[in-house]
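Fold and contact review
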Amino acid sequence: MGRIKDIQFWLFRYSGTGRPCKAMAIIGVSVLLMICMKLQAAIILPQVLGNNMVLQCKKPVAIWGTGTAGETVKVRFRGQEKSIRIDGNGHWILYLDPMQPSNVPAEMEIKGQTDPVITLHNILTGEVWLCSGQSNMEYTMRKNSKVKKVTGVPGFEHSPADELEYAHNPEIRIFLALRKPMAKSHPDHEGWSVAQDSALRSFSAAAYFFARKLYKELKVPIGMISNAIPGSAIEPWLGGQISHWNPRVPALTFNYSETGKFYPTLVKPLAPFTIKGFLWYQGETNCFMNDSLEYAYKMQALIHQWRTQWSDSNNSLPFYYVQIAPFEYSKNKGNYPLDDGTLPRFWEAQTLCLQIPHTGMVVTTDLPDGIGGIHPTGKWAVGERLAAIALSQDYGKKVTYSGPLYQHKEIHGDKLWLYFAHIGKGLESKNGQPLDYFELAGKDQVYYPATVAIKRDHLILSSSKVRSPVSARFAWKEVAQPNFFNKDGFPAVPFRTETPYGNIHLN
């Protein structure tokens, strides 16, 4: 409107009479029409489509935006040419045919009927993952560079804390989704960056180390999108009330007015950018809210809603997440009554989400440098453990990706035998000391420390104070950093054999 008013002003000024002459009026109207047509015709891309991006391989690739209703948009990329007519609301979307991975940079041309060609440069084709959550996912490579330096970490010739100095791989690209509208084009279509220098300093450490591991194993370009927000609960990431899609979910106690706060600005604008899957590292805020079973339902809803937003009709987009670390939540002085079992119950709810198809979970009980910090260092371990899940489940690599996961028990007199999945190369004590944080109880459900023996593929628990054991639990303390691992280096998943969630099935 400002440009139109400027033209009107100059028409009046040069008419000499204070009114535009007929010829000037005709010229002015023509100019106005051309300007209006130009303004309306402009093709606008979402910010996530830009220079330096990685496009997902082996899937139809969505390219979309806005423009003038009824006009045609053409897209050219790697020998393909696709076109689509813009709908009555000014939106358009088309799909490129599936492509093989390629580290050869290519240009994409996007053109409307009356617009200059938009050219996007330096595009690769490979594997793309969206990483979300709260501060532990947002935890940047800059912060990672300040943690205690360690050496001898498999896969690193240097301390992982020094990775910023060594990260110069042009085939790993990153996109940081900020808390501002992403629906319109970024100036000069700059949003993606090579994972190095200042761009990487501000990017998620867990996401980067995930990409680093994937690239090392797959040797294809990797694209990582991060939209994590520190301090966020799960509710703002939901696209609507849980009960709208699953009538079996009981009445929940979270604030529905906050639901969806980030969804329209940080989730929806990224869809339908074609991705391989999701990574999620969140839960601390909800643990402070004394969530337990409710969190499992919220996770179920979020996974379902995000997959639906990405048109995943098979409900199969991978969703891999991180179990929160040991921390003294019971010392919280907030509005919720917390105790030493608050965090173990929350761990149990997170584990319950493994029932949802195409999910996987990373355990972090071994990572904190003491229990004082809610943000454990060692984000390289988080990233690499997430990558192990993806390599096994999505890329056909025969690797162990989880620690021992409780399956079932057997009662043998005064002993309880426990069996596990994901035993890998075998069960072990990580530090060579007796296995700790195991407890036994009889029918009275009073728990006592247990003595544990490793017998090939199972554990045998006993206690002089429990003559007839009925149940067991492991790592059922908020400060638990147990030594029970498999020989592949993965910590065991906290559990209790008797759980009130035993008859609950998520899908």
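Shown above is the structure to which this text applies.
The shown structure was predicted, so the numbers you read here are calculated from the model rather than taken from an experiment.

Examining the sheet that holds strand β18 (residues 447–449)
Read across the open sheet, the 4 strands follow the order β18-β17-β21-β23; overall the sheet is antiparallel. Here the strands that pair on one side only, and so sit at the sheet edges, are β18 and β23 (495–496). The sheet contact formed by strand β21 (residues 471–474) and β23 spans 2 bridges and is antiparallel. If you follow Arg-473 over to β23, its bridge partner there is Arg-496.

Concerning the packing of helix α10 (residues 293–309) against helix α11 (residues 342–352)
Direction vectors running N to C along α10 and α11 enclose 30 degrees, while the axes themselves pass 8 Å from each other. Here α11 runs roughly parallel to α10, going by the angle between their axes. The handedness of the crossing between α10 and α11 comes out as right-handed. The segment α10 lies against α11, with Leu-293, Tyr-295 and Ala-296 engaging Phe-346, Ala-349, Gln-350 and Leu-352. Taken together, the residues of the contact of α10 with α11 sort by class into 6 nonpolar, 1 polar and no charged.

Quick look at the packing of helix α7 (residues 205–218) against helix α12 (residues 379–393)
Where α7 meets α12, the axes come as close as 7 Å, and the angle between the chain directions of the two elements is 45 degrees. Relative to α12, α7 is oriented oblique. Crossing of α7 against α12: the hand is right-handed. For the pair formed by α7 and α12, the contact residues are Ala-205, Ala-206, Phe-209, Phe-210, Arg-212, Lys-213, Leu-214, Glu-217 and Leu-218 on the first element and Lys-379, Trp-380, Val-382, Gly-383, Glu-384, Leu-386, Ala-387, Ala-390 and Leu-391 on the second. Class assignment of the residues belonging to the contact of α7 with α12 gives a composition of 12 nonpolar, 1 polar and 5 charged.

What about the packing of aromatic side chains?
Inspection of the entire model under this criterion finds 27 aromatic pairs. Judged by centre distance (5.4 Å) and plane angle (65 degrees), the rings of Tyr-208 and Phe-209 are edge-to-face. Exposure remark for Phe-209: the relative accessible area of 1% places this residue in the buried category. Ring centres 4.8 Å apart and planes at 5 degrees place the aromatic pair Tyr-406 and Phe-495 in the stacked group. Of this pair, Tyr-406 sits in strand β14 (residues 405–412) while Phe-495 sits in strand β23, and the two are 89 residues apart along the sequence. In this structure Phe-495 comes out as buried when scored by relative accessible area, which is 7%. Put simply, the rings of Trp-237, Phe-262, Phe-278, Trp-280, Trp-306, Trp-310 and Phe-319 touch in pairs and so form one group of aromatic residues. One cation-aromatic arrangement involves Arg-212 over Phe-156; the distance from NZ or CZ to the ring centre is 3.8 Å. Against the face of Tyr-447 rests Arg-473, its NZ or CZ located 4.0 Å from the ring centre.

Examining the environment of Asp-291
Note that Asp-291 resides in the loop between α9 (284–288) and α10. For Asp-291, the residues in contact, after removing those within four places along its chain, are Glu-235, Asn-286, Lys-298 and Phe-346. Separated by 2.9 Å, the side chains of Asp-291 and Asn-286 make a polar contact.

What about the pattern of salt bridges?
All told, the structure shown has 16 salt bridges when counted by the stated rule. A salt bridge links Arg-212 to Glu-163; the shortest N-O distance between them is 3.3 Å. Here Arg-212, found in helix α7, pairs with Glu-163, found in helix α5 (residues 163–166); they are 49 residues apart in sequence, far enough to count as distant. Shared partners join several salt bridges into a network, and the residues in it are Arg-76, Glu-81 and Glu-109.

A few points about the side chain of Ser-463
Along the chain, Ser-463 falls in the loop between β20 (458–462) and β21. Here the side chain of Ser-463 touches Pro-449 through a polar contact of 3.5 Å, landing on its backbone oxygen. For Ser-463, the contacting residues outside a window of four places in its chain are Leu-440, Tyr-448 and Pro-449.

Definitions and limits used
Residues numbered from 1 in each chain as written. Predicted model: local features only at pLDDT ≥ 70, side-chain atom pairs only at ≥ 80, totals over all residues. Heavy atoms only, no water. Pairing = 2+ DSSP bridges. Helix = DSSP H or I, 4+ residues; strand = E, 2+ residues; numbered from the N terminus. Axes fitted to C-alpha atoms, helices over the stretch in contact; angles between N-to-C directions. Parallel < 35°, antiparallel > 145°, perpendicular 65-115°, else oblique. Left-handed = near helix turned anticlockwise from the far one by under 90°. Contact = heavy atoms within 4.5 Å. Nonpolar A, V, L, I, M, F, W, Y, C, P; charged D, E, K, R; others polar. Phe/Tyr/Trp six-rings, centres within 6.5 Å; stacked < 30°, edge-to-face > 60°. Buried < 20%, exposed > 50% of the residue type's maximum accessible area, 1.4 Å probe, protein only. Lys NZ or Arg CZ within 6 Å of the ring centre and 35° of its normal. Polar contact = N/O pair within 3.5 Å; in protein donor to acceptor, adjacent residues only side chain to side chain. Salt bridge = Lys/Arg side-chain N within 4 Å of Asp/Glu carboxyl O.

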